[in-house]
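# Coordinate analysis (summary)
Each chain, letter by letter, is given below.
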Amino acid sequence: MTSTSENAPEIVLPEAVMHRRTPKDPATATVVKNELCTAKKAAGYVRHIEIDVGGTELENCCLPGQAIGILADGVDENGKPHKVRLYSICSPTGGEDGKGRIIATTVKRMIDEHWESRKLFVGVSSNFLCDRKPGDEVKVSGPNGKRFLCPVNRNDYSYIFFATGTGIAPFRGMALDLLRGGCTKPIYLVMGAPYATDLLYHAEMLSLAEKHENFQYVTAISREKQRDGHDPLYIQDRIRTERDQLLPVLGDESTLIYICGIAGMELGIFQQLALNLNGSALEQYLQVDPEALADIRRWDRRMIHKQVRPTRRVFMEVYA
Ligand code: A2P
């Protein structure tokens, strides 16, 4: 796999192990920790859940950026077992324990009101998982995914991670891998949440930023003012407000961009990249048709992969 520039390091991803256990034949693992990862006052419920997969085929093979499948107990309204649901791994390589036994994921309880019937809708799998207590068994499949990973020579690159909500999960694991592994190149984590109380792993990220000069943790709060005085922001707006720091990193030919979270977030990021970078700096991340380049503010999502094509230096994992 090569990048667009001749001098840029070649991007080689690790050979990720996949499907050690399938949804039809899942491993039985044990929840060992289940704690809130927002502030206590947050309106939603997001939990950091650690699972002991020791002694199963999932031991010592899960990488941050991959996912595990969870099979909730019980049956659906047709009497069939619940379908598998995928959750991003948020632990670093080697898991929470460094021995590959304890893997972790970040789960938001799915609770909604049906728009027409106004009935309460409670997501089966996320609530099943969030209800598990230490000692409870869960059925786990996976790992899944081989594209959304840090490269083999991960310390050769600089990184800009863009996350919204639980999209931070893979970046927690990746940042821990990079920082513990001695990466000295710049690593930016831009994290978006509705309110400051919704920021996930906030204390842990602040502490990483304090310990590691090359790790910058930037938040974008969409429904209230920022602590730095800026009005409500989306993550992509940070490319503008943090221009002085981010543009030199974006201009570097060893920088990789990772995007994870709510579907649609990639559009705003691509627009801000196109508005703030030009020529070869932009081409490192996006190949844009000339007509599209003339009217960046009118881009829409359908143009992505057509008139606006991310390069191999952009990694995306977005979900509805
Ligand atoms: P908002 O909902 O205020 O419009 P969560 O998963 O906890 O709901 O957080 C998702 C965050 O991503 C929220 O701050 C949300 O803002 C924001 N968001 C929603 N749509 C986009 C988008 N298209 N681009 C960037 N951020 C977005």
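Quick note: structure is the one above.
Thresholds applied
Residues numbered from 1 in each chain as written. Predicted model: local features only at pLDDT ≥ 70, side-chain atom pairs only at ≥ 80, totals over all residues. Heavy atoms only, no water. Salt bridge = Lys/Arg side-chain N within 4 Å of Asp/Glu carboxyl O. Helix = DSSP H or I, 4+ residues; strand = E, 2+ residues; numbered from the N terminus. Patch = residues over 30% accessible without salt bridge, like charges linked within 9 Å, V, L, I, M, F, W, Y side chains within 5 Å. Areas by Shrake-Rupley, 256 points an atom, 1.4 Å probe, with all protein chains shown as cover. Core = buried A, V, L, I, M, F, W, Y, C linked by side-chain atoms within 4.5 Å. Buried < 20%, exposed > 50% of the residue type's maximum accessible area, 1.4 Å probe, protein only. Near = heavy atom within 4 Å. Polar contact = N/O pair within 3.5 Å; in protein donor to acceptor, adjacent residues only side chain to side chain. Nonpolar A, V, L, I, M, F, W, Y, C, P; charged D, E, K, R; others polar. Phe/Tyr/Trp six-rings, centres within 6.5 Å; stacked < 30°, edge-to-face > 60°. Lys NZ or Arg CZ within 6 Å of the ring centre and 35° of its normal. Pairing = 2+ DSSP bridges. Axes fitted to C-alpha atoms, helices over the stretch in contact; angles between N-to-C directions. Contact = heavy atoms within 4.5 Å.

The subject of this paragraph is the pattern of salt bridges. This model, assessed by the stated rule, comprises 16 salt bridges. Note that Arg154 is salt-bridged to Asp177, the shortest N-O span being 3.6 Å. In this pair, Arg154 sits in the loop between β8 (137–144) and β9 (158–164) while Asp177 sits in helix α2 (residues 169–180), placing the two residues 23 residues apart along the sequence. Two residues, Arg301 and Glu266, come together in a salt bridge whose shortest N-O distance is 3.1 Å.

A cluster of nonpolar side chains, Leu36, Tyr45, Ile111, Leu120 and Val122, forms an exposed patch at the surface whose accessible area comes to about 460 Å². With respect to the helices and strands, Val122 occurs in strand β7 (residues 120–122).

Another point: the nonpolar core. Counting residues in hydrophobic clusters, the biggest one holds 37 residues, and the most contacted among them are Tyr159, Phe161, Phe171, Leu189, Phe215 and Tyr258. Within the residue set of this core, elements represented by two or more residues are β9, α2, β10 (187–193), α3 (202–211), β11 (215–221) and β12 (255–262). Here the element with the most residues in this core is α2; it accounts for seven residues. Counting residues in each nonpolar core, the second largest holds 34 residues, with Phe162, Tyr188, Leu273 and Leu282 among its members.

This part takes up the site of the ligand. Close to the ligand lie Lys108, Thr164, Gly165, Ala193, Pro194, Ser222, Arg223, Tyr234, Gln236, Ile262, Gly264 and Met265, which account for all nearby residues. Within the contact set of the ligand, an oxygen atom lies 3.3 Å away from a backbone nitrogen or oxygen of Ala193. Here Pro194 contributes a backbone N or O atom positioned 3.1 Å from an oxygen atom of the ligand. Burial of the ligand by the protein amounts to 75% of the accessible area it has alone, namely 570 Å². Tallied by class, residues from the shell around the ligand come to five nonpolar, five polar and two charged.

On to the packing of aromatic side chains, then. Within this structure, the stated rule accounts for seven aromatic pairs. Through a chain of ring-to-ring contacts, three or more aromatic side chains come together here, namely Phe148, Tyr159, Phe161, Phe171, Tyr258 and Phe315. Stacked on the ring of Tyr201, the Lys or Arg Arg172 has its end atom at 5.1 Å from the ring centre.

With that out of the way, let us pick up the sheet that holds β8. The antiparallel open sheet is built from six strands, whose spatial order is β4-β3-β8-β1-β2-β5. Single-partner strands in this sheet number two, and they are β4 (85–88) and β5 (102–108). On average, adjacent strands in this sheet sit at an angle of 45° to one another, irrespective of strand direction. When strand β1 (residues 27–36) meets β8, the two strands line up antiparallel, connected through four bridges. Counterpart to Thr30 in the pairing with β8 is Glu137. On the sheet, helix α1 (residues 124–131) packs against β1, β2 (46–52), β3 (67–71), β4, β5 and β8 and is oriented at approximately 125° with respect to β5.

Summarising the element assignment, Ser125 is placed in helix α1. Separated by 39 residues in the primary sequence, Ser125 and Leu86 place their C-alpha atoms 9.4 Å from one another. Filtering out sequence-adjacent residues up to four positions away, Ser125 remains in contact with Ile70, Ala72, Arg85 and Tyr87. Only 3.1 Å separates the side chain of Ser125 from the side chain of Tyr87, close enough to count as a polar contact.

The element β12 is extensively covered by neighbouring structure, given that seven of its eight residues are classed as buried. Across six bridges, the pairing between β9 and β12 is parallel. Within β12, the residue paired with Ser158 across the bridge is Thr255.

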